[in-house]
Amino acid sequence: MFFQPQDRLCLFIDGTSLYSASRNLGFEVDYRKLLQFFRSKSNVLRAYYYSAVLDTEEYSPLKPLTDWLVYNGYTLVTKNAREFIDHNGRRRVRGNMDVELTVDMMEMAPHIDHAVLFSGDSDFRRVLEAVQRQGVRATVVGSIKTTPPLIGDELRRQADQFIELADIATHFMRRQIENRPQRTPAPPVRHPADQMSENDDE
């Protein structure tokens, strides 16, 4: 991995993407250790975490996560998600954070040397190209070892550096999840907050 200790670095974490990839790889993320890991590599100026939240319930399962992140070094970016029923009659939540992440990355570009994006969404290829033109190195963290791969080829090619999530997972693994049989269809969409409900138990 290419990191410089003097680099001004910023993390941009697509919460849903990281959650899906880590669950697919069979582990839960310890966000305290994740931040410590990157602080040991460079000068982390900001660590953004993006997630859409439902405002239709009095208590959201995301609240333990959001509360913990706010008080432990992360900049939380949220917006209201929309709930809908898919063609199979299943309840789904839709909340795209692409615009929020893109705006923040563009605004931070003049102030940083290195941007680290946790996402597999190829829609971010264009913003990586834009910040690279401003002299920012761009690293993408995702996984090609999941089934299916959770990283777009265009995004991976655009990055100055691609880091396989499975290769660095041991540095911020909260716990491993019991191996379950691999299914051909993609796993159901899960809310990224579920894994954080026990954060304060440590």
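Preceding block: the structure.
Residues numbered from 1 in each chain as written. Predicted model: local features only at pLDDT ≥ 70, side-chain atom pairs only at ≥ 80, totals over all residues. Heavy atoms only, no water.

K.L.:
Account for the overall build of the chain, with residues named and values stated.
P.N.:
Along the chain, the regular secondary structure elements total seven helices and ten strands. When each of the 202 residues of the chain is scored for burial, the buried share is 47%. Partitioning the intrachain contacts of the chain with sequence separation of at least 6 by distance along the chain shows that 72% fall at a separation of at least 24. Carbon and sulfur atoms make up 46% of the accessible area of the chain, which amounts to about 10700 Å² in all. (Helix = DSSP H or I, 4+ residues; strand = E, 2+ residues; numbered from the N terminus. Buried < 20%, exposed > 50% of the residue type's maximum accessible area, 1.4 Å probe, protein only. Contact = heavy atoms within 4.5 Å. Areas by Shrake-Rupley, 256 points an atom, 1.4 Å probe, with all protein chains shown as cover.)

K.L.:
Give me the nonpolar core: which residues, what numbers.
P.N.:
Core analysis: the largest hydrophobic core is formed by 30 residues, its most contacted members being Leu11, Tyr31, Leu34, Phe38, Tyr74 and Phe118. Only strand E1 (8-14), helix H1 (15-25), strand E2 (27-29), helix H2 (31-39), strand E3 (43-53), helix H3 (63-70), strand E7 (114-118) and helix H7 (165-168) provide two or more residues apiece to this core. For this core, the leading source of residues is H2, giving five residues. If we skip the residues at most four places from it in the chain, Leu11 touches Leu34, Leu35, Phe38, Arg46, Ala47, Tyr48, Val116 and Phe118. By size, the runner-up hydrophobic cluster in this structure holds 26 residues, among which are Cys10, Leu101, Ala115 and Phe124. (Core = buried A, V, L, I, M, F, W, Y, C linked by side-chain atoms within 4.5 Å.)

K.L.:
Break down the sheet that holds strand E8 (residues 137-142) for me, with residues and values.
P.N.:
Judged by pairing direction, the sheet is parallel, and its six strands sit side by side in the order E4-E3-E1-E7-E8-E9 without closing on themselves. With partners counted over all chains shown, the strands left at the sheet margins are strand E4 (75-80) and strand E9 (161-164), one partner each. Neighbour to neighbour, the strand axes of the sheet diverge by 20 degrees on average, direction disregarded. The pairing of E8 with E9 spans four bridges and is parallel. Bridge pairing in E9 links Val141 to Ile163. (Pairing = 2+ DSSP bridges. Axes fitted to C-alpha atoms, helices over the stretch in contact; angles between N-to-C directions.)

K.L.:
Which residues make up the environment of Thr16, and what values do they have?
P.N.:
Take Thr16: it is sitting in helix H1. Between the C-alpha atoms of Thr16 and Phe118, which are 102 residues apart in sequence, the distance is 9.8 Å.

K.L.:
Go over the packing of helix H4 (residues 98-108) against helix H5 (residues 125-132), please, and point to the residues and values.
P.N.:
Interaxial distance between H4 and H5 falls to 10 Å at its minimum, and their mutual angle equals 5 degrees. With respect to H5, the element H4 is oriented roughly parallel. Only Val127, Leu128, Ala130 and Val131 of H5 make contact with H4, whose side of the interface consists of Thr102, Met105 and Met106. Taken together, the residues that form the contact of H4 with H5 break down as six nonpolar, one polar and no charged. (Parallel < 35°, antiparallel > 145°, perpendicular 65-115°, else oblique. Nonpolar A, V, L, I, M, F, W, Y, C, P; charged D, E, K, R; others polar.)

K.L.:
Before we move on, can you summarise H4 with the specific residues and values?
P.N.:
Regarding H4, the residues found buried are Asp98, Leu101, Asp104, Met105 and Met108. Along H4, the residues classed as buried sweep out an arc of 140 degrees about the axis, all on the same side. Those residues of H4 that are exposed and angled more than 90 degrees off the buried face are Val99 and Glu107. (Arc of directions from axis to C-beta.)

K.L.:
Which residues make up unusual backbone geometry, and what values go with them?
P.N.:
Residues Thr147 and Pro148 are joined by a peptide bond in cis, for which omega reads 0 degrees. Within the secondary structure, Pro148 sits in the loop between E8 and helix H6 (153-158).

K.L.:
Would you mind going over the pairing of E3 in detail, with residue names and values included?
P.N.:
The side chains of a regular strand alternate, first on one face of the sheet and then on the other. Burial runs high along E3: eight of the eleven residues are buried. In the sheet, E1 pairs with E3 via seven bridges, with the strands oriented parallel. Its bridge partner lying in E3, Leu9 is registered against Val44. Taken together, the six bridges between E3 and E4 define a ladder with parallel strand orientation. Residue Ser51 lies in a different strand from E4, and its bridge partner there is Thr78.

Nothing here speaks to function; it is all geometry.
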